[in-house]
Protein chains: 2
Amino acid sequence: MIRLYHFPLSPFCRKVRLTLAEKKLEVELVEERYWEPSPDFLRRNPAGKVPILKMEQKTLSESQAICEYLDETFPTPALMPRDPEVRYEVRRICSWFDDKFHAEVTSKLLYERVNKKVMKLGYPDSKNVKFGAGRIKFHLDYMAWILDQRRWLAGDIMTLADFTAAAHLSCLDYISDVDWNRSATVKDWYAKIKSRPSFRTLLADQVPGFPPPAHYADLDF
Amino acid sequence: MIRLYHFPLSPFCRKVRLTLAEKKLEVELVEERYWEPSPDFLRRNPAGKVPILKMEQKTLSESQAICEYLDETFPTPALMPRDPEVRYEVRRICSWFDDKFHAEVTSKLLYERVNKKVMKLGYPDSKNVKFGAGRIKFHLDYMAWILDQRRWLAGDIMTLADFTAAAHLSCLDYISDVDWNRSATVKDWYAKIKSRPSFRTLLADQVPGFPPPAHYADLDF
């Protein structure tokens, strides 16, 4: 049995959920209030964060390491290509979203608007929100520039890079922070990912106090 | 020809330098004042950071992606093991240092003490320095706990996990922020890494205004 300790609007958890679902691995989701860590949770994970994946006596942390491990142990369908050049590009884009996009956008919009309230840390800092709202435009333009040259973010096949980017964007879309009118190319790419069966679990997420907008779960947004 | 745009006391650049040196790949080092990005630099690297590796018309960024790419294209000596379980552990520990250790220690000590001065951003924030000085103890203890069970950080062979950890610790050692007396196990591990020929280039680094302590380049510290 596979169990994932997660938080619904965590892009890192969503990345693992998408990978598990693409591999058709059944998982029991356990919501973890990681900001109120219990001794039990810290024993499972000294880094004190989600996602944590439990499978066959193993406790795995760090989303990128988990996803690559799942891809190596359950190779079908492959989310990492074989060619080293494309593998590099997949990993570069995963880092781009997990580091740069996360620091400039996810943490500035999602964490200010949602996590702060859920964790009772006060009101959103409007300077951060303004910064994030500005930077997401640059990132959408960067994606559009890439997707004008390739079918998918790292090349001509769908890879972990696409699921990583979609994990971040889907969290921001939940709070209506993605302007899909900015680029038809990016919107088309997201529509393709969003309509995959693996995405269904994400589209069913509900965070109390934050009802998603109507377009969030709509495949024809 | 391989060229690396770098900053001497960047753990991410050091990780790439160690990987190149282990693979016996000759590299021209170009110091990049990445906090004063020139249009030329931003064209090379839209993420606006170091390291940037130029090889055969390619421009590569993101240290983990670069190191895994180098390991896949120049497989000897291998810095990634073959077994998926150990590969997972290598990547988990790389993330541990590049994310958690970086956020809690490297950015709090090195960036406050060195980068702020070099970048003319003012004086170290004593709250951050105090926090980092406290957290490094936890991380050294965590390493000791791991190294009491295994010869190297991810298992019984030396991997990218060891070079990633050593890249961070070597930067902190340059400013005397590592208490090597805390754990004989960790000190022994570092002595083994430090005496490798690949480490020589790091031990020769000099940052103007920050002379390294005598023990920094001493293999018998």
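What counts and how
Residues numbered from 1 in each chain as written. Chains lettered and ligands numbered in written order. Predicted model: local features only at pLDDT ≥ 70, side-chain atom pairs only at ≥ 80, totals over all residues. Heavy atoms only, no water. Helix = DSSP H or I, 4+ residues; strand = E, 2+ residues; numbered from the N terminus. Rg over C-alpha atoms; globule rule 2.2 N^0.38 Å. Areas by Shrake-Rupley, 256 points an atom, 1.4 Å probe, with all protein chains shown as cover. Domains from an automatic or database assignment. Contact = heavy atoms within 4.5 Å. Buried area = accessible area lost by both parts, 1.4 Å probe. Salt bridge = Lys/Arg side-chain N within 4 Å of Asp/Glu carboxyl O. UniProt positions renumbered as here; feature names shortened; annotations may be inferred. Least-squares fit on C-alpha atoms with pLDDT ≥ 70 in both. Pairing = 2+ DSSP bridges. Axes fitted to C-alpha atoms, helices over the stretch in contact; angles between N-to-C directions. Nonpolar A, V, L, I, M, F, W, Y, C, P; charged D, E, K, R; others polar.

Helix and strand content of chain A: 8 helices and 4 strands. Across chain A, helices and strands are ordered from the amino to the carboxyl terminus as β-α-β-α-β-β-α-α-α-α-α-α. Taken against the 2.2 N^0.38 rule, which gives 17 Å for 221 residues, the C-alpha radius of gyration of chain A at 17 Å falls within 12% of a compact globule. Dimensions of chain A along its principal axes, counting C-alpha atoms only, are 50 × 45 × 30 Å. Of the roughly 9800 Å² of accessible surface on chain A, 53% is carried by carbon and sulfur atoms.

It is common to give the size of an interface as the accessible area lost on bringing the parts into contact. Residues and elements named next belong to chain A. The domain architecture assigned to chain A consists of domain 1 (2–73) and domain 2 (84–199). If you average the C-alpha positions of domain 1 and of domain 2, the two centres end up 20 Å apart. On the domain 2 side, the residues contacting the 18 residues of domain 1 number 23 residues. Between domain 1 and domain 2 lies a buried interface of about 1800 Å² when both sides are counted; carbon and sulfur atoms form 66% of it. Per-residue buried area on domain 1 facing domain 2 is highest for Leu9, Leu18 and Glu22; these three make up 33% of the total on that side. Inspection of the domain 1/domain 2 interface yields 3 salt bridges. In this structure, Asp98 engages Lys15 in a salt bridge whose closest nitrogen and oxygen atoms are separated by 2.5 Å.

UniProt records the feature "domain: GST C-terminal" (unreviewed entry) for residues 83–215 of chain A in the present numbering. A helix fraction of 65% and a strand fraction of 0% characterise residues 83–215 of chain A, whose end C-alpha atoms lie 37 Å from each other.

The next subject is the relation of the copies chain B and chain A. Relating the two copies of this chain is a rotation about some axis coupled with a shift parallel to it. For the pair chain B and chain A, the superposition axis carries a translation of 0.0 Å, the fit reaches an RMSD of 0.0 Å, and the rotation angle comes to 180 degrees. When the rotation and shift are considered jointly, the pair of chain copies conforms to a two-fold rotation axis. Looking at the rotation axis and the C-alpha trace of chain B, the residue lying nearest is Asp99(B), at 4.5 Å. Counting the interface residues of chain B, we find that 100% of their copies in chain A are interface residues as well, pointing to one common contact surface.

Turning our eyes to something else, we now look at the sheet that holds strand β3 (residues 52–55) of chain A. Residues and elements named next belong to chain A. Pairing is mixed in the open sheet, where 4 strands are placed in the order β2-β1-β3-β4. Lying at the two open borders of the sheet, with one neighbouring strand each, are β2 (28–31) and β4 (58–61). Taken over all neighbouring pairs, the strand axes of this sheet differ in orientation by 20 degrees on average, direction set aside. Note: strand β1 (residues 2–6) against β2, 4 bridges, orientation parallel. Counterpart to Leu4 in the pairing with β2 is Leu29.

Residues and elements named next belong to chain B. The strand order across the open sheet formed by 4 strands is β2-β1-β3-β4, and the pairing between neighbours is mixed. Sheet topology places β2 (28–31) and β4 (58–61) at the edges, where each strand pairs with a single neighbour. Strand-to-strand twist across the sheet, computed as the mean angle between neighbouring axes with direction ignored, equals 20 degrees. Sheet strands in contact with helix α3 (residues 63–73) are β3 (52–55) and β4, and its direction is about 125 degrees off that of β4.

In this section: the interface of chain B and chain A. With 25 residues of chain B in contact, the opposing surface of chain A contributes 25 residues. Interface of chain B and chain A: buried area, both sides summed, is about 2200 Å²; carbon and sulfur atoms make up 56% of it. Seen at the junction of chain B and chain A, the total is 8 salt bridges. Here Arg91(A) makes a salt bridge to Glu68(B), at a shortest N to O gap of 3.2 Å. Broken down by element, the side of chain B that touches chain A gets its largest block of residues, 10 residues, from helix α4 (residues 84–118) of chain B. When the residues that make up the side of chain B that touches chain A are grouped by side-chain class, the tally is 11 nonpolar, 4 polar and 10 charged.

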